[in-house]
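Topology and contacts: notes
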Amino acid sequence: MNVVFAVKQYVSKMIEDSGPGMKVLLMDKETTSIVSMVYTQSEILQKEVYLFERIDSLNRETMKHLKAICFLRPTKENVEYLIQELRRPKYSIYYIYFSNVISKSDVKSLAEADEQEVVAEIQEFYGDYIAVNPHVFSLNLLGCCQGRSWDLAQLSRTAQGLTALLLSLKKCPMIRYQLSSDPAKRLAECVKQVITKEYELFDFRRTEVPPLLLILDRSDDAITPLLNQWTYQAMVHELLGINNNRIDLSRVPGISKDLREVVLSAENDEFYANNMYLNFAEIGSNIKNLMEDFQRRKPKEQQKLESIADMKAFVENYPQFKKMSGTVSKHVTVVGELSRLASERNLLEVSEVEQELACQNDHSSAHQNVRRLLQNPKVTEFDAARLVMLYALHYERHSSNSLPGLMMDLKNKGVSEKYRKLVSAVVEYGGKRVRGSDLFSPKDAVAITKQFLKGLKGVENVYTQHQPFLHETLDQLIKGKLKDGQYPYLGPSTLRDRPQDIIVFIIGGATYEEALTVYNLNRSTPGVRIVLGGTTIHNTKSFLEEISASGFRGRGAESSQVTARASSRR
């Protein structure tokens, strides 16, 4: 179950099916992102694709010597663009691939428009999602719900993305969903409808244990997307933001022109592939090793070129040297910037208190530590608000709840009203009343010991104690202990055996910390394969945007004091 490989295969097949000759790849905004995640431009160039165009670009030249490979989402707009294209074709022949199921009526409209008979074939290739890591996919949708109900356009897009994923992995699953979430049930029903309607497409060879699709809701764990991260991929997303494998470094002080935007892709960057799940302390020493390795190779490249053999060796090694030079400068810049931000924003101290808020149950210590950090001028308004959000979620119904005082501290610190309002919005979104499960179950001694023996060296333990709630859910699922009462099956049949192929989808977005959890579970449980998907992949910033976009506006600081007082009497 490798989603990167699945999408890559589709793209390769499209190009191969069009045969030899020069080609143009005609895409829309979404399929451009889908393809760019699995192939670099230079890799596609080697397959005789010399031009990349958008179907909605109006000023494309006519080039009758090129074959057109069209890879498009089956939307009304795209079908309309194609009809216009076929009436006045700019290329010699068209191979049309839709990323999802296309209606018969749309195919008929295209056939009618193809008066010059330039269409060689129309097919459905189900690469209708963003393949992030081999076991992680996203749909790049923000604000999928309005309140606790789906935005209908987003529901339709999510169901399409999820069914395309199932088709690309050749899985016809049993479906379980989170009972406490109405959107989870709606999505489960929509996916089931598609499977029933398109039963011929889902007629795969039966496996002994059927695959399982588990649909969850982000509001069940609002803690994970609020935490600072200390593993490479997650930390880069939290502090710099990863957008379709691209990182914008234009705001880094003194950045050189060619490093303003860099690509981090495990497919084409060995250092990143080997380090993306390691913690920051290890990354530092690995960067040092990378630099030393680079330095060792450098003098050899610059020695005197006295013979033809020397020149030949230099030319052969130069691309590798240049690639390595690019890798070194990219990662040194990224790690340098992460390090600068961590010290500028005092993140080690902030993160330690975040972990305490997420994992421990000592209210007075947590309250003191949050107050202490709110007085610290190095702590930004963003991090200050984040700490108070974590406090508000954890101690929402605690008898000594001191949220009003912390809200005053935020105000005195000069934290903008936008962030102060978000504190109550976060509780409204993912507070105790909403959650279907106990997020802060008191950790017993065994669980705490386990967390400290996670094999991480030295002080790193403090910063990586937290396990996403997803870990517990999947652990129970793999052991066959996940309660049907909380996660019912859709339909009458249930799974008798322990599941082997599991697809988990989180409405409202997954995180890279959860991706790490799934990566570790895949490695530690033989015979079990898990793929994680979400409507998007969040960092704290995008998670707070998701909450606002879903219509949770929060109240002003004054009214939240009243609620907090009321709740403290419960």
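Above: the structure in question.
Here goes a summary of the coordinates provided. Note that the structure is a prediction, hence the values are computed from the model and not measured. The numbering scheme is per chain: residues are counted from 1 as the chain's sequence reads. Side-chain atom pairs in this predicted model are given and counted only at pLDDT of 80 or more, local residue features only at pLDDT of at least 70, and totals for whole chains, interfaces and linings cover all residues. To obtain the side-chain values, all non-hydrogen atoms of the structure were included, while hydrogens and water were left out.

Focus: the overall build of the protein chain
Put simply, the test is: Secondary structure follows DSSP: runs of H or I at least 4 residues long count as helices, runs of E at least 2 residues long count as strands, and numbering of each begins at the N terminus. To sort residues, take the accessible area from a 1.4 Å probe on protein chains only and compare it with the maximum for the residue type: under 20% means buried, over 50% means exposed, and anything in between is partly exposed. Residue contacts are counted whenever heavy atoms from the two residues lie within 4.5 Å of one another. Note on areas: Shrake-Rupley with a 1.4 Å probe; residue coverage comes only from the protein chains shown.
A count of helical and extended segments in the protein chain gives 22 helices and 18 strands. Out of the 570 residues in the protein chain, the part that is buried amounts to 54%. For the protein chain, contacts bridging at least 24 residues in sequence account for 81% of all contacts bridging at least 6. Of the roughly 26400 Å² of accessible surface on the protein chain, 50% is carried by carbon and sulfur atoms.

Considerations on the sheet that holds strand 4 (residues 93-98)
To keep it simple, the criterion reads: Each pair of strands is called paired provided DSSP finds at least two bridges between the two strands. In this description, a line fitted to the C-alpha atoms serves as the axis of each element, helices being fitted only across the stretch in contact, and the angle between N-to-C directions of two axes falls anywhere from 0 to 180 degrees.
Spatially, 5 strands are ordered 2-1-3-4-5 in an open sheet, and the strand pairing comes out parallel. In this open sheet, the two edge strands, each paired with only one partner strand, are strand 2 (49-54) and strand 5 (119-124). Each strand axis lies, on average, 15 degrees off the axis of its neighbour in the sheet, ignoring direction. Of the pairings in the sheet, the one linking strand 1 (residues 23-27) to strand 2 comprises 5 bridges and is parallel in character. Directly across from valine 24, in strand 2, lies its bridge partner leucine 51.

What about the environment of glutamine 355?
With respect to the element layout, glutamine 355 can be found in helix 12 (residues 347-359). If we skip the residues at most four places from it in the chain, glutamine 355 touches Leu227, Gln360, Val462, Tyr463, Thr464, Gln465 and His466.

Side note on the pattern of salt bridges
The condition is simple: Counted as salt bridges are all cases of a side-chain nitrogen of Lys or Arg within 4 Å of a carboxyl oxygen of Asp or Glu.
In total, this model carries 27 salt bridges according to the counting rule given. Arginine 73 is the partner of glutamate 30 in a salt bridge, and the nearest nitrogen-oxygen pair spans 3.9 Å. Linking glutamate 30 in helix 2 (residues 29-36) with arginine 73 in the loop between strand 3 (67-72) and helix 4 (76-87), this pair joins segments that are 43 residues apart in sequence. A relative accessible area of 34% places glutamate 30 in the partly exposed class. By relative accessible area, arginine 73 is classed as buried at 4%. Between glutamate 337 and arginine 340 there is a salt bridge whose closest N-O contact spans 2.9 Å. Note that glutamate 337 and arginine 340 are positioned in helix 11 (residues 308-344) at a spacing of 3 residues, about one turn of the helix.

So, the nonpolar core
Applicable threshold: In plain words, nonpolar cores are sets of buried Ala, Val, Leu, Ile, Met, Phe, Trp, Tyr and Cys residues tied together by side-chain atoms within 4.5 Å.
In this structure, Leu187 and Ile215 are the most contacted members of the largest nonpolar core, which totals 162 residues. At 10 residues, the largest contribution of residues to this core is made by helix 14 (residues 381-394). When sequence neighbours within four positions are dropped, the list of residues in contact with isoleucine 215 reads Leu162, Ile175, Arg176, Tyr177, Gln178, Ala184, Leu187, Ala188, Phe505 and Ile507. In terms of nonpolar packing, the next biggest core, distinct from the first, is built from 19 residues, Cys70, Leu86, Ala113 and Val118 among them.

Comments concerning a nonpolar patch on the surface
Formally: The patch calculation keeps residues exceeding 30% relative accessible area without a salt bridge and links them within 9 Å when they carry like charges or within 5 Å when they are nonpolar (Val, Leu, Ile, Met, Phe, Trp, Tyr).
On the surface, Met22, Leu45 and Tyr50 cluster together to form a nonpolar patch covering roughly 280 Å² of accessible area. Along the chain, leucine 45 turns up in helix 3 (residues 41-45). We classify leucine 45 as partly exposed; its relative accessible area is 37%.

Side note on the packing of helix 16 (residues 417-430) against helix 21 (residues 540-549)
Heads up, the rule is: The labels follow the angle: roughly parallel below 35 degrees, roughly antiparallel above 145, roughly perpendicular from 65 to 115, and oblique for the rest.
Running from N to C, helix 16 and helix 21 cross one another at 75 degrees; their axes reach a closest spacing of 10 Å. On the basis of their axis angle, the class for helix 16 and helix 21 is roughly perpendicular. Residues Leu422, Ala425, Val426 and Tyr429 of helix 16 form the contact with helix 21, whose own contacting residues are Phe543, Leu544, Ile547 and Ser548.

Quick notes on the state of the cysteines
Put simply, the rule reads: Any two cysteine sulfur atoms within 2.5 Å of one another count as a disulfide.
With the rule as written, the count across this model stands at 0 disulfides. This cysteine, cysteine 145, is not joined by any disulfide, and cysteine 144 carries the nearest cysteine sulfur, 4.1 Å off. Taking the relative accessible area as the measure of exposure, cysteine 145 reaches 8% and is therefore buried.

Quick look at the sheet that holds strand 15 (residues 501-507)
The 6 strands lie next to each other as 6-7-17-15-11-10, forming an open sheet whose pairing is mixed. On the outer flanks of this sheet lie strand 6 (130-133) and strand 10 (174-177), each paired with one strand and no other. Pairwise comparison of adjacent strand axes, ignoring direction, gives a mean angle of 25 degrees for this sheet. Along the sheet, helix 6 (residues 152-168) contacts strand 7 (136-138), strand 11 (212-217) and strand 15; its crossing angle with strand 15, the most-contacted strand, is approximately 165 degrees.

Regarding unusual backbone geometry
A positive phi angle, close to 55 degrees, is found at lysine 170, a residue other than glycine. Tracing the chain through its elements places lysine 170 in the loop between helix 6 and strand 10. By relative accessible area, lysine 170 is classed as exposed at 55%. Of note in the backbone geometry, asparagine 244 takes a positive phi value of approximately 50 degrees without being a glycine. Within the element layout of this structure, asparagine 244 appears in the loop between strand 12 (242-243) and strand 13 (246-248). Judged by relative accessible area, asparagine 244 falls into the buried class, the value being 17%.

Topic: the packing of aromatic side chains
Defined as follows: Between 30 and 60 degrees the pair is tilted, below 30 it is stacked and above 60 it is edge-to-face, where a pair is any two Phe, Tyr or Trp rings, Trp via its six-membered ring, whose centres lie within 6.5 Å. The criterion for a charge sitting over a ring is simple: Lys NZ or Arg CZ within 6 Å of the ring centre, and within 35 degrees of the ring normal.
Taken as a whole and judged by the stated rule, the model has 13 aromatic pairs. Geometrically, the ring pair formed by phenylalanine 137 and phenylalanine 505 is stacked, given 6.0 Å between the ring centres and 25 degrees between the ring planes. Of this pair, phenylalanine 137 sits in strand 7 while phenylalanine 505 is found in strand 15, placing the two residues 368 residues apart along the sequence. Each member of the pair phenylalanine 137 and phenylalanine 505 is classed as buried. Measuring from ring centre to ring centre gives 5.5 Å for tyrosine 429 and phenylalanine 552, while their planes differ by 85 degrees; the resulting arrangement is edge-to-face. With tyrosine 429 in helix 16 and phenylalanine 552 in the loop between helix 21 and helix 22 (557-568), this residue pair connects regions lying 123 residues apart in the sequence. Each of the two residues, tyrosine 429 as well as phenylalanine 552, counts as buried. The aromatic ring of tyrosine 39 is capped on one face by lysine 8, whose charged end is 5.2 Å from the ring centroid. Over the face of the ring belonging to tyrosine 419 we find lysine 418, whose NZ or CZ atom lies 4.9 Å from the ring centre.

Brief notes about the side chain of serine 351
Rule in force here: Pairing of N or O atoms within 3.5 Å defines a polar contact, subject to two protein rules: one partner must be a possible hydrogen donor and the other a possible acceptor, and residues neighboring in sequence count only if both atoms are side-chain atoms.
Tracing the backbone shows serine 351 in helix 12. On the basis of relative accessible area, serine 351 is assigned to the buried category, the value being 0%. Among the polar contacts listed, one links the side chain of serine 351 to the side chain of tryptophan 230, at a separation of 2.7 Å.

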